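Working through the structure, step by step
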Amino acid sequence: MHIKDVLAEAERTGEPSFSFEYFPPKTAQGVQNLYDRMERMYNFGPKFIDITWGAGGRVAELTCEMVVQAQTYLGLEACMHLTCTDMGEERVNDALRKAYKAGCTNILALRGDPPRDKEKWEATEGGFRYARDLVAHIRKTYGNHFDIGVAGYPEGCDDNQDEDLLLDHLKEKVDMGASFIVTQMFYDVDNFLRWVGRVRERGITVPIVPGIMPIATYASFLRRANHMKCKIPDDWLAKLEPVKNDDVAVRDIGKTLVADMCRKILAAGIRHLHFYTMNLAQATRMVLEELDWLPSPDRPLKQALPWKQSLGFG
Ligand code: FAD
């Protein structure tokens, strides 16, 4: 199923929906643990999951493997991230072929970050320079088989803080054939909603999916927010700082803050939220519980791909 159809369905019914993001773990044991967790989190009811792309041979292969596993055995609709970092056209095509063969129909097309040993991003010879080039390539090669998403930055991106320029480039990505936008994490909802208004003013009409980062510990909350240069509202710090050494209290307060933020986004008419799980279940589950979005006897799980039950995973 295409993500644009999932988003249109949420829009049409008004029923909120959500998705989860995972990244490829570093060790074989980590991968197995994550598959187990993904299967458990399947029961939370995500409409789809994303698997991030890590530049470099083994990690990139693992992204493809995880997409196959999710799509074929876990009954989860997958969206594969794909970046142009360190990737010539042939390697991009190889990754797309694997996704296609696994039955995957959704790609988040990205430029990617610079490799760890480099400060500045450089295009690979015979590769693509910007995400828009990757979007155009996927459309040209696969027509409408893949639904294509792209990244959006309500608070600027690492190598560009110029909002007008970023909006121009976002428009180019959509004009090349992207049909949805997933945002970088943020905690300042008022700024996010202002940015959505500016996106719309530019004539970009595709759905915008906000990226939500639940709070697991105070240290990881600060580290990620600072890494992404994302603004933390003063009242969040005032509530979390006094309990910073008590992880249980941080998660408890954090879930209320994040759930309130989700409610405000929903009230503005956005119906689908994307959770950055960081491969962990607890903090995301607590937010979903707080929102009363977990499946229940009155609201049974609905999103299973048809073959999951028949493979005995149901
Ligand atoms: P682009 O849209 O290509 O933009 C990159 C830079 O080039 C920007 O400064 C932009 O303004 C500029 N630019 C774009 N077009 C033009 C043009 N025509 N002329 C001049 N300048 C231009 N990284 C990973 O490595 N793996 C992942 O799985 C991953 N997933 C992500 C998921 C989300 C939702 C988000 C928000 C980010 C993700 N990233 C991931 C990080 C992302 O790769 C970086 O933020 C990267 O620096 C920018 O990628 P982009 O696709 O936004 O690039």
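For the structure itself, consult the block above.
My aim in this report is to walk through the structure given alongside it, one point at a time. Just so you know, these numbers come straight off a predicted model, no measurement behind them. (Residues numbered from 1 in each chain as written. Predicted model: local features only at pLDDT ≥ 70, side-chain atom pairs only at ≥ 80, totals over all residues. Heavy atoms only, no water.)

**Considering the pairing of strand β8 (residues 272-276)**
In terms of burial, β8 is largely enclosed, as 5 of its 5 residues are buried. The alternating pattern of β8 places His272, His274 and Tyr276 and Leu273 and Phe275 on opposite faces, both of which are buried. (Buried < 20%, exposed > 50% of the residue type's maximum accessible area, 1.4 Å probe, protein only. Helix = DSSP H or I, 4+ residues; strand = E, 2+ residues; numbered from the N terminus.)

**Considering the sheet that holds strand β4 (residues 106-110)**
For sheets, the rule is that strands pair by backbone hydrogen bonds, running either parallel or antiparallel. Read once around its circumference, the closed barrel built from 8 strands follows the order β1-β2-β3-β4-β5-β6-β7-β8, with strand pairing classed as parallel. Pairs of neighbouring strands in the sheet enclose a mean axial angle of 30°, with direction left out of account. The pairing of strand β7 (residues 208-212) with β8 spans 2 bridges and is classified as parallel. Note that in β8 the partner of glycine 211 across the bridge is histidine 274. Helix α5 (residues 131-142) contacts β3 (78-83), β4 and β5 (147-152) of the sheet and is inclined by roughly 150° relative to β4. In the packing of helix α10 (residues 247-267) onto the sheet, the strands contacted are β7 and β8, and the crossing angle to β7 comes to about 170°. (Pairing = 2+ DSSP bridges. Axes fitted to C-alpha atoms, helices over the stretch in contact; angles between N-to-C directions. Contact = heavy atoms within 4.5 Å.)

**Concerning helix α7 (residues 189-201)**
In a regular helix each residue adds 1.5 Å, so 13 residues correspond to 18 Å; α7 covers 18 Å between its end C-alpha atoms and thus fits that length. The secondary structure elements touched by the buried residues of α7 are β5, α6 (163-175), β6 (180-185), β7 and α10. For α7, the N-terminal cap is aspartate 188; the gap from its side-chain oxygen to the backbone nitrogen of aspartate 190 is 3.3 Å. A positive phi of about 85° marks glycine 203, the residue just after α7. (Expected span 1.5 Å × (residues − 1). Polar contact = N/O pair within 3.5 Å; in protein donor to acceptor, adjacent residues only side chain to side chain.)

**Side note on the site of the ligand**
Around the ligand there are 24 residues in total, and Trp53, Ala131, Tyr153, His169 and Lys173 lie nearest to it. The backbone of tryptophan 53 places a nitrogen or oxygen atom 2.7 Å from a nitrogen atom of the ligand. A distance of 3.0 Å separates an oxygen atom of the ligand from a polar atom in the backbone of glycine 112. Elements supplying a minimum of two residues to the shell around the ligand: β3, β4, α5, α6 and β6. Tallying contributions element by element places α6 first for the shell around the ligand, with 4 residues. For the shell around the ligand, the per-class residue count stands at 10 nonpolar, 8 polar and 6 charged. (Near = heavy atom within 4 Å. Nonpolar A, V, L, I, M, F, W, Y, C, P; charged D, E, K, R; others polar.)

**A few points about the environment of lysine 173**
Topologically, lysine 173 is positioned in helix α6. A sequence separation of 25 residues divides lysine 173 from isoleucine 148, and the C-alpha atoms of the two residues are 9.8 Å apart. Once you skip the residues sitting within four places of it in the chain, lysine 173 turns out to touch Ala131, Arg132, Val135, Val150, Ala151 and Ala178.

**A closer look at the environment of glutamate 122**
Looking at where glutamate 122 falls in the secondary structure, it is placed in the loop between β4 and α5. Glutamate 122 gets classed as exposed once you look at its relative accessible area, which sits at 51%. The spatial distance from the C-alpha of glutamate 122 to the C-alpha of threonine 85 is 7.8 Å, given a sequence separation of 37 residues.

**Remarks on the nonpolar core**
Among the nonpolar cores identified, the biggest contains 97 residues, and Met38, Met80, Leu82 and Tyr187 are the most heavily contacted of them. With 8 residues, the single largest contributor to this core is α10. (Core = buried A, V, L, I, M, F, W, Y, C linked by side-chain atoms within 4.5 Å.)

**A word on the packing of helix α2 (residues 28-42) against helix α3 (residues 57-73)**
Running from N to C, α2 and α3 cross one another at 30°; their axes reach a closest spacing of 12 Å. With respect to the hand of their crossing, α2 and α3 are arranged in right-handed fashion. Contact residues: Val31, Leu34, Tyr35 and Met38 in α2; Leu62, Glu65, Met66, Gln69 and Ala70 in α3. Among the residues forming the contact of α2 with α3, the class breakdown is 7 nonpolar, 1 polar and 1 charged. (Left-handed = near helix turned anticlockwise from the far one by under 90°.)

**Notes on the side chain of serine 179**
Mapped onto the elements, serine 179 comes out in the loop between α6 and β6. In terms of polar contacts, serine 179 uses its side chain to reach the side chain of aspartate 147, at 2.2 Å. In this view, serine 179 contacts Lys4, Arg139, Asp147, Ile148, Val206 and Pro207; residues no more than four positions away in its chain are not counted.

**Focus on the pairing of β6**
Extensive coverage of β6 is indicated by the burial of 5 of its 6 residues. Of the strand pairs in this sheet, β5 and β6 are connected by 4 bridges, and their pairing is parallel. The partner of valine 150 across the bridge, within β6, is isoleucine 181. In this view, the connection linking β5 to its parallel neighbour β6 by way of α6 has right-handed handedness. Both β6 and β7 contribute to a ladder of 3 bridges, which runs parallel. Its bridge partner lying in β7, methionine 185 is registered against glycine 211. A crossover connection joins β6 to the parallel β7 through α7; in handedness this β-α-β unit is right-handed. (Right-handed = clockwise from strand over helix to strand, strands pointing away.)

**Structural notes on unusual backbone geometry**
Working note: non-glycine residues mostly have negative phi, and peptide bonds are mostly trans. A positive phi angle, near 60°, is found at aspartate 86, a position not held by glycine. Of note, aspartate 86 is situated in the loop between β3 and α4 (89-101). Using a relative accessible area of 34% as the deciding quantity, one classes aspartate 86 as partly exposed. Phi at methionine 278 takes a positive value of approximately 55°, unusual for a residue other than glycine. Of note, methionine 278 is situated in the loop between β8 and α11 (282-291). A relative accessible area of 27% means that methionine 278 is categorised as partly exposed.

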